[in-house]
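A closer look at the structure
In case you want the letters, here they are:
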Amino acid sequence: MKGLEFDYDVAVIGGGSGGFAAARTTANADLRTVVIEGGKEIGGLCILRGCMPTKALLYAAEVRHLAQHPDPWGIRSRHVSFDFARVMARKDALIKQFADHRRTQLTGGTFEFVRARARFTDPHTLKLSAGKTLTARNFVISTGSVVAPSPLPFLDEAGYLTSDDALTLTRLPKSLIVLGGGSVGMEFAQFFARFDVQVTLIQRSAHVLREFDTDATDTLERVFRREGVALYTNTKLTGASRKGNLKQVTFLHGTQGARVEVEAEEILFALGRIPNTGGLNLEKAGVATEGSLIVTNDEMRTSARHIYAAGDCTGPYEIVHIAVQQGEVAGHNIAEPRHPRRMDYRLASSVVFTEPQLAKVGLTEKEALARNIPYLAGSYPFADHGKALIMEARDGFVKLLGNPGTGEIIGGCCIGPLGGELVHEIIMAMYKRMTAREIAAVPHYHPTLAEIWTYPAEELVEKVETHTSRLAQEKAG
C-alpha cells in the first residue's frame, strides 16, 4: 500500500488494557494513532466487570469471614451483620475511580480517542457506528470478551444470572446454584457463601480449576465444603426449569451417573467468556479466526500482515497483564518492524482469589506429564509453617518444580494465605532462571510467609543431587 495516504498510521479497536497499551506504545513512537471504543462504558473488562470489582467484593467477604471467626485469637464478637448495599456501593465507588483514571488516560493521551463501534469494510478501512469511515495503515484489535452464551436451551428457559449480572445485584438471593468450577465460578461461590447465601456449585469435570494440579484443587474443594458450599464434581447437566419461586437444576453425578435435583432462588451461569469479535467483519480484512478467536503468531500479528491483536479476543490467556504485554508487543512491532519482539509465555501465571488463594507460574505437574517434560518436585505445607500458624492459615502448601539436571525452577504453585502475592517470588526467580539452590540460599526474614519457599527449594536441592549422583553411577557402571 505504499504511496497511499491513510488517516492514521495505527487504529486501535478497543480501549481496554491491551488496546491502551498498544496505543500508548505506537503514539510514543510518533505514529498517528487513534483508539476506537464502542462499549457503553470506558475502562475495559478488568476495571468494569472483571478483576477489580470481583476482588473488591471478595475482600469484603474475607473481612466478614474473619470477623465471624475470631475465637482462635481469643477475641469475642456478637453476630457480625452486614449492609449489602454498602458493600456494593464501595465496589462501585472504587470502579468509578479506576474507570475515571482510564478515561483520563484515553482522552488526555498523545493519540485520538473516538467513541464508536467499528467494523471493517476492507483491509484498511473501518466504518464507524456514527456513519463515518476512517483508514489506517496498521490496526490492533483488542475488543476483549463477552459472557459466553448458554449452550443448553433449558437454561435459557429457566433463566440465569451471568457474572456481569452478579456485579450489579441490589439484593442477595437466599440460595444460588453456580454452574462452573473455573475461577469465575469459584470466586463468586465463595463470595456469596460468605454473605450467607446457600450455595450449590456444579462442575462437569472431576475437579474444579482444571488448569491446576489436583493436590491444590483438592485442598480448595475441602475448604469450600467446610464453609458450607454443596460442591458436586464429575457431573453432566440434564435439565433446568422453574419450580414456583425457585429454579431447579438436574444433573447426573459420579461414575454411576446418579440423578440429582437441586433447587435455589437463582442460577449463576459461570461457564466462561468468548472473544468479542462478532461485529467486526473480520473476513473483510482478511483476518483468520478459529470460531470467534482471532489467530495470531508470537509477534501478535494476524493472518493480515498489517493487523495485530491483543488481549482476550486472541488468547491464549484471559489475564490482564498478559493483554498489556501483548498490546505492547503489537505496538512495538508496528513501530519497529525490523526489530520484532515476541511473546514468551514461559512465565505465564494465574491466580484465583478465593481464600485460600490459589496461584501458579510456569509448568504444573499435570502439564509436565502431558508434555513429557522431566521434573522433580518439592513441597511444604502451611500447617507446619510458623507465620501461617500465627495467622491460623493452615490450609494449603507451596510446591516447586525443578529441572532434574540443573535444578532450574520451571514451575511453582501456592495454595494458601496471600498466594497471589507469594507466587511473585517464584515469577522473579524464573525470570532470572534461578535454581532451587539459589532460592534456598537467599536470606528470608523470619517469621514471614515468604520464607516458606526455602523449604521446597531445599528439598529440590537434595533431589537434584541424588538424581545427578545416580546418573553418574549408572554411567560409571
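Before going into details, it helps to say that this report is about the structure given with it. Along each chain, the written sequence defines residue order, and numbers are assigned to residues from 1. Local features in this predicted model are restricted to residues of pLDDT 70 or higher, and side-chain atom pairs are both shown and tallied only at a pLDDT of 80 or more, whereas totals for entire chains, interfaces and linings draw on every residue. Values reported for side chains reflect all heavy atoms of the structure, with hydrogen atoms and water molecules removed beforehand.

**Thoughts on unusual backbone geometry**
- Residue G315 is joined to P316 through a cis peptide bond whose omega torsion reads 0 degrees.
- Backbone torsion omega between H446 and P447 reads 0 degrees, so that peptide bond is classified as cis.
- Looking at the secondary structure, you find P447 in the loop between helix 14 (436-441) and helix 15 (454-476).
- A positive phi angle is found at N234, which is not glycine, with a value near 60 degrees.
- Residue burial is assigned from relative accessible area. The probe radius is 1.4 Å, only protein chains are included, and a residue is buried under 20% of its type maximum, exposed over 50%, and partly exposed in between. N234 sits in the partly exposed class, given a relative accessible area of 31%. A run of H or I in DSSP counts as a helix once it spans at least four residues, and a run of E counts as a strand once it spans at least two, with each numbered from the N terminus.

**Here we look at the pairing of strand 9 (residues 198-202)**
- Counting buried positions along strand 9 gives four out of five residues, so the element sits mostly inside the fold.
- Pairing between strands is defined by DSSP: at least two bridges between the two strands are required. In the sheet, strand 8 (residues 175-179) pairs with strand 9 via five bridges, with the strands oriented parallel. Residue pairing across strands places V178 opposite L201, the latter belonging to strand 9.
- Handedness of the strand 8-helix 7 (residues 183-194)-strand 9 crossover: right-handed.
- In this fold, the crossover linking strand 9 to strand 10 (residues 230-232) by way of helix 8 (residues 214-226) has right-handed handedness. Consider the strands pointing away from the viewer: the crossover is right-handed when the path from the first strand over the helix to the second runs clockwise.

**Some words on a nonpolar patch on the surface**
- Taken together, the side chains of L66, W73 and I75 present a nonpolar region at the surface, about 290 Å² in accessible area.
- You can see L66 is positioned in helix 3 (residues 51-68). Grouping into patches uses exposed residues only, defined as over 30% relative accessible area, and leaves out salt-bridged ones; the cut-off is 9 Å for like charges and 5 Å for nonpolar side chains (Val, Leu, Ile, Met, Phe, Trp, Tyr). Values of accessible area rely on a 1.4 Å probe in the Shrake-Rupley scheme; residue burial ignores everything except the protein chains shown. By salt bridge we mean one thing: a side-chain nitrogen of Lys or Arg within 4 Å of a carboxyl oxygen of Asp or Glu.

**So, the layout of surface pockets**
- For cavity detection a 1 Å grid was placed over the protein atoms alone, and a set of points counts as a cavity when a 1.4 Å probe fits there but cannot get out; an open set counts as a pocket when protein lies on both sides within 12 Å along at least five of seven lines, with lining residues being those that have an atom within 4 Å of a point. Grid points are joined across faces, edges and corners, and a volume is the space filled by probe spheres set on the points. Considered as a void within the structure, the second largest pocket measures approximately 920 Å³ in volume.
- Forming the walls of the second largest pocket are 35 residues, and the residues nearest its centre are E62, H65, L66, R194 and E355.
- Secondary structure elements with two or more residues in the lining of the second largest pocket: helix 3, helix 4 (84-107), helix 7 and helix 8.
- Ranked by residues supplied to the lining of the second largest pocket, first place goes to helix 3 with 10 residues.
- For this classification, the nonpolar set comprises Ala, Val, Leu, Ile, Met, Phe, Trp, Tyr, Cys and Pro, the charged set comprises Asp, Glu, Lys and Arg, and every other residue, Gly included, is treated as polar. Looking at the lining of the second largest pocket residue by residue, the classes come out as 18 nonpolar, six polar and 11 charged.

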